[in-house]
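Architecture at a glance
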Amino acid sequence: MKKFLTLLKVSIQSMLLSSTNSRGRSRKKAATGLGAVVVIAGLGLYLSGFYSYMLMQALAPSQMEILVFIFMGMAALVGGLLFTTFAVKGVVFGGKDNDLLLSMPVSSTLLMASRVTAIYLENLLFSAFVLLPAGVVCTMLTQSGVGHSLLFWVRLVIAALTLPLLDTALSVLLGALAAFLSARVSKGALGQNIVMGLFLVAVFYLSFNLNGMLGSLAANPAGAKDALSWAAPLLWMGEGILGDWGLLLAFAACCVIPFALVVFGLGRVYRQAVAAFAARSAQSNYKLSAQSASSQKKALLRKEAQRFFGTPMYFWNAGLGLIMLLAAGAASLVMREKLLAFVGMDGFPLLPMAAAVICFCLCTCPIAAPSISLEGKYLWILREAPMPGSTLLWVKAGFQLLLTLPCTVIAGACISVALGFQLWQGTVLLIAALLFAVGHALFGMLMGLTFPKLDAVNETVVIKQSLAATLAMFVPMAALAAAGGLYWLGSQTAGWAALALPILLFALLTAVCAAILSKRGPVMLQAL
């Protein structure tokens, strides 16, 4: 047991506490790990509280509280898969410390169990903050006495403890499949991108059709329950939470048995799986042919593009905002009449709200921030190349601009046309958004230099848990909020001041970031 707890501690630190440079203080690393825990818990609490309340408003009159727990169980299951599937690929099968740990006098099954338990704890955190708030909402809004007994909460806690076991088993299997595709299929990244894209399409479809689904649930809740027979374990969970101990035990068995099979089954071949997933098949179809040459900047841009589009974790975490920008522009044109009806009230600040939407989407695109850390141990090759360090930094920041600027222009133009902006209003919108996009890229580059993570065990740690990527997202959001405050202050004096002050703020911040990157950037790069 002592060995297991030690390995579990190492696995949890690898997953949550490695978001800053290992040379930093332990207090700083612990604070970052606690921040990751708070983000996961906060997201689960928000989703559960908001959607449980909406569901209970529709289902309480018909006393169909069971559907709340079924849908929240689905949310916990899908959210856990989204959080941990690609983390499994890196933490369980692709950790840089696997060779060291496998050489220790511990069984591969014990090591596998510690790795999987760490994934389970992350899923447990999200599941608890989804199911338990749903129980609170049901207790407050129920018309049938649900939640007014101690046994109800005992059954709910049992469900919250067992559901992540099923989630973890599925995450490990999908993560193993992703690791296998990455190692064996030349277009593995393309396949993972397609799967992730389909998943996000399904999520957006459900989000946009939520009101219609709630209306159909309120009209025929019993029929909705019968239509969910394909999700029998979650039906058993709902019935069990509401009082059926037999179905609750059946649901627990459906979660415990797959988890045990995954741990002991993959544990027996864990050493072989790690070796196989780390291998790369060599090509044998080399041909003697003419080689093309390009400039240093083009070669660096090509390298950045290959990493961005060839790493699904990087693409979907740092590029989702670009997709949201294009989707917002297209949706504003397609649903123009509905949009105008929604914002048609007198005095509604259309121009600043459009700018806020575009800039918020840009905040979710920290492409440059993790690019230095993703170089890892090979950074010295670029640093010793016959080119100035400033060229490397500006190319990395420029690659983000190559992606964000066209998307910003397209989204700004579409929104301007859809909302009927005059030419000067559309110009102001584009100027503000483009200044923000440039400043965001330069600030992200500075954060990547200030908080590097060159010894991360995998790209998941750099992209999802690094302090550089986190600050590159949330500090610009704070600047966006400050710009909103300046708009309000300017509106108290003159209309032109309300527009000029936010633009001046964006221009000032962009100039400061550019000056620091030009003067201090190469020095910071050499100090890494």
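Residues numbered from 1 in each chain as written. Predicted model: local features only at pLDDT ≥ 70, side-chain atom pairs only at ≥ 80, totals over all residues. Heavy atoms only, no water.

This brings us to the overall build of the chain. Summing up its helical and strand segments, the chain has 24 helices and zero strands in all. Relative to its 528 residues, the chain shows a buried fraction of 48%. A sequence separation of at least 24 residues applies to 84% of the contacts in the chain between residues at least 6 apart. Of the roughly 25500 Å² of accessible surface on the chain, 71% is carried by carbon and sulfur atoms. (Helix = DSSP H or I, 4+ residues; strand = E, 2+ residues; numbered from the N terminus. Buried < 20%, exposed > 50% of the residue type's maximum accessible area, 1.4 Å probe, protein only. Contact = heavy atoms within 4.5 Å. Areas by Shrake-Rupley, 256 points an atom, 1.4 Å probe, with all protein chains shown as cover.)

Let us now look at a nonpolar patch on the surface. A contiguous nonpolar surface patch, about 390 Å² in accessible area, is contributed by Leu-150, Leu-151, Val-154 and Trp-245. Of all the elements, helix α6 (residues 150-184) adds the most residues to the nonpolar patch, at three residues. Its location among the elements puts Trp-245 in helix α11 (residues 245-268). According to the relative accessible area criterion, Trp-245 is partly exposed, its value standing at 36%. (Patch = residues over 30% accessible without salt bridge, like charges linked within 9 Å, V, L, I, M, F, W, Y side chains within 5 Å. Salt bridge = Lys/Arg side-chain N within 4 Å of Asp/Glu carboxyl O.)

With that settled, consider the side chain of Ser-108. With respect to the helices and strands, the residue Ser-108 is situated in helix α5 (residues 108-141). Residue contacts for Ser-108: discarding those within four places in its chain leaves Gly-267, Tyr-270 and Arg-271.

On to the nonpolar core. Counting 66 residues, the largest nonpolar core has Leu-67, Val-68, Ile-70, Phe-93, Leu-163, Met-237 and Tyr-270 as the members making the most contacts within it. Counting residues in hydrophobic clusters, the runner-up holds 42 residues, among them Cys-359, Cys-365, Leu-403 and Ala-483. (Core = buried A, V, L, I, M, F, W, Y, C linked by side-chain atoms within 4.5 Å.)

Another aspect to go through is the side chain of Thr-404. Looking at the secondary structure, you find Thr-404 in helix α20 (residues 389-419). Under the relative-accessibility criterion, Thr-404 is labelled buried at 2%. Aside from chain neighbours lying at most four places away, what touches Thr-404 is Leu-322, Leu-362 and Ala-437.

Inspection of the entire model under this criterion finds 12 aromatic pairs. Consider the rings of Phe-308 and Phe-399, whose centres lie 5.8 Å apart with planes at 75°: the pair is edge-to-face. Of the two residues, Phe-308 sits in helix α13 (residues 296-310) while Phe-399 sits in helix α20, which places them 91 residues apart along the sequence. Of the two residues examined, Phe-308 and Phe-399, each falls in the buried class. An aromatic cluster of at least three residues, connected via ring pairs, comprises Phe-308, Phe-309, Tyr-314, Phe-315, Trp-316 and Phe-399. (Phe/Tyr/Trp six-rings, centres within 6.5 Å; stacked < 30°, edge-to-face > 60°.)

Viewed as axis vectors pointing N to C, helix α17 (residues 350-363) and helix α23 (residues 467-491) meet at an angle of 170°, and their least axial separation amounts to 9 Å. On the basis of their axis angle, the class for α17 and α23 is roughly antiparallel. Between α17 and α23 the crossing geometry is right-handed. Facing Pro-352, Ala-356, Cys-359, Phe-360 and Cys-363 of α17, the residues of α23 in contact are Ala-472, Met-473, Pro-476, Met-477, Leu-480 and Tyr-487. Taken together, the residues of the contact of α17 with α23 break down into 11 nonpolar, no polar and no charged. (Axes fitted to C-alpha atoms, helices over the stretch in contact; angles between N-to-C directions. Parallel < 35°, antiparallel > 145°, perpendicular 65-115°, else oblique. Left-handed = near helix turned anticlockwise from the far one by under 90°. Nonpolar A, V, L, I, M, F, W, Y, C, P; charged D, E, K, R; others polar.)

What follows concerns the environment of Cys-254. With respect to the helices and strands, the residue Cys-254 is situated in helix α11. Measuring from C-alpha to C-alpha, the distance between Cys-254 and Pro-233 comes to 6.9 Å, with 21 residues separating the pair along the chain.

If you walk through the whole model with that rule in mind, you get five salt bridges. Across the pair Lys-303 and Glu-375 runs a salt bridge, and its minimum N-O distance is 2.9 Å. With Lys-303 in helix α13 and Glu-375 in helix α18 (residues 371-375), this residue pair connects regions lying 72 residues apart in the sequence. Among the residues examined, Lys-303 registers a relative accessible area of 28% and is labelled partly exposed. We classify Glu-375 as buried; its relative accessible area is 4%. When the shortest N-O distance is used, the salt bridge between Glu-375 and Arg-307 registers 3.0 Å.

Bringing the packing of helix α15 (residues 320-334) against α20 into the picture now. Look at α15 against α20: their axes get within 8 Å of each other, and the N-to-C directions meet at 20°. Regarding the angle of α15 to α20, the classification is roughly parallel. Crossing geometry of α15 relative to α20 is assigned as left-handed. Of the residues in α20, those in contact with Leu-322, Leu-325, Leu-326, Gly-329, Ser-332 and Leu-333 of α15 are Leu-403, Thr-404, Cys-407, Thr-408, Ile-410, Ala-411, Cys-414, Ile-415, Val-417 and Ala-418.

This brings us to α20. Helical geometry: 3.6 residues make up each α-helical turn, so side chains three or four residues apart lie on a common side. Taking 1.5 Å of rise per residue, the 31 residues of α20 would be expected to cover 45 Å, and the 44 Å separating its terminal C-alpha atoms lies within 8% of that figure. Of all the bends found along α20, the most pronounced is centred on Leu-401 and spans about 25°. Within α20, 22 of the 31 residues are buried, which leaves it mostly tucked inside the rest of the structure. Among the residues trailing α20, Gly-420 stands out with phi positive, at a value near 70°. (Expected span 1.5 Å × (residues − 1). Bend = angle between axes of the 7 residues up to and from the residue.)

Another aspect to go through is the environment of Cys-365. With respect to the helices and strands, Cys-365 occurs in the loop between α17 and α18. Along the chain, Cys-365 and Gly-444 lie 79 residues apart, while their C-alpha atoms are 9.5 Å from each other. Aside from chain neighbours lying at most four places away, what touches Cys-365 is Ala-318, Gly-321, Leu-322, Gln-400 and His-440.

Here the focus is α15. Spanning 15 residues, α15 covers 21 Å between terminal C-alpha atoms, matching the ideal 21 Å at 1.5 Å per step. Along its buried surface, α15 packs onto α16 (336-342), α17 and α20.

On to the environment of Glu-459. Within the secondary structure, Glu-459 is located in helix α22 (residues 459-465). Spatially, the C-alpha atom of Glu-459 lies 9.1 Å from that of Pro-370, the residues being 89 residues apart in sequence.

Tallied over the full model, the rule gives zero disulfides. Here Cys-363 is not disulfide-linked; the sulfur of Cys-359 is the nearest cysteine sulfur, at 7.0 Å. (Disulfide = S-S within 2.5 Å.)

Another point: the confidence of the model for the chain. Confidence in the prediction for the chain averages 81 pLDDT; 82% of positions are at 70 or higher. Counted against residues more than four places away or in other chains, residues 18-28, with its pLDDT under 50, gives 23 contacts. (pLDDT = per-residue confidence, 0-100.)

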